[in-house]
Amino acid sequence: MEAKEVRGELLAYARRSCKPFEKRLYLDISRLGECPRKLAWEMLYSGSPGEDIKLRLFVAQLMESNLVSRLVKLFGSTYVLPKPIYAMMGKLLGYTSGEFGKILVTIKSIPNDDALPDGRASNNHYWMTQALMHFGHYTRCIIIYESRASGRIRTYDITYSPSIGEECEKKAVLILDSVNEGQLPKCNCGRCKENGYIERER
Ligand SMILES: [Zn+2]
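Cut-off values and rules
- Residues numbered from 1 in each chain as written.
- Predicted model: local features only at pLDDT ≥ 70, side-chain atom pairs only at ≥ 80, totals over all residues.
- Axes fitted to C-alpha atoms, helices over the stretch in contact; angles between N-to-C directions.
- Helix = DSSP H or I, 4+ residues; strand = E, 2+ residues; numbered from the N terminus.
- Parallel < 35°, antiparallel > 145°, perpendicular 65-115°, else oblique.
- Contact = placed C-beta atoms within 7 Å.
- Nonpolar A, V, L, I, M, F, W, Y, C, P; charged D, E, K, R; others polar.
- Buried ≥ 20, exposed ≤ 12 C-beta atoms within 10 Å, placed from the backbone.
- Pairing = 2+ DSSP bridges.

## Things to note about the packing of helix H4 (residues 123-136) against helix H5 (residues 162-180)
Item 1. At a minimum axis separation of 9 Å, H4 and H5 run at an interaxial angle of 85°. Comparing their axes, H5 and H4 come out roughly perpendicular. Where H4 approaches H5, its residues Trp127, Gln130, Ala131, Met133 and His134 are matched on the opposing element by Ile164, Gly165, Cys168 and Glu169.
Item 2. Within the contact of H4 with H5, the residues separate by chemical class into 5 nonpolar, 3 polar and 1 charged.

Below is the structure:
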């Protein structure tokens, strides 16, 4: 056995094991806080993720599933395992990180303490929980952050807002209709053009 071979096997394992989101097949419920144009662009044009992204994703998913197994150990049957949420004829897809009774659980493994929110969940994650609660029919959510650099954990309670849920649903309809017509909806983040989310040949 040589060091190089061990490295190769470990990297190949990570590539095989990471589960990237199928962006061209589904609209990701957990990203409905983002710009509709960017999300439609990804459904129309994005390719499969590169090596670096797959490795980062693998480590994040590993830590999240490890946190799930800790919750199982600590809370037993009070905690229900993660499950997918489908909506809109199966075109919308999201995943819970579990449930406590009727309370949704979402887990975010983050690379370092700089990404730990202070005082409340970040805007994107707030929208993520609202969209998951809307389509999964929950009224409360507990979001758990864990920093991979320090092991620090932060948790927040979030209550469902019907008006934000409605906004998520409207945005999802807009995106799916646009994608059906092979078009991009209007940008509302102001950065799509500079980031290259423009119409192109398919
Ligand atoms: Zn935009």
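Read on, since the account is not over.
## Re the pairing of strand S4 (residues 92-95)
Each regular strand displays side chains that alternate between the two surfaces of the sheet.
Item 1. Burial along S4 is one-sided: the residues Leu92 and Gly94 are buried and none of Leu93 and Tyr95 is.
Item 2. Relative to S4, strand S1 (residues 27-28) runs parallel, the two sharing 2 bridges. Note on S4: the bridge partner recorded for aspartate 28 is leucine 93.
Item 3. Here 4 bridges tie strand S3 (residues 84-87) to S4, and the two strands are oriented antiparallel to one another. Directly across from isoleucine 85, in S4, lies its bridge partner glycine 94.
Item 4. Connecting the antiparallel pair S3 and S4 is a turn made up of 4 residues, with methionine 88 showing a positive phi of about 50°.

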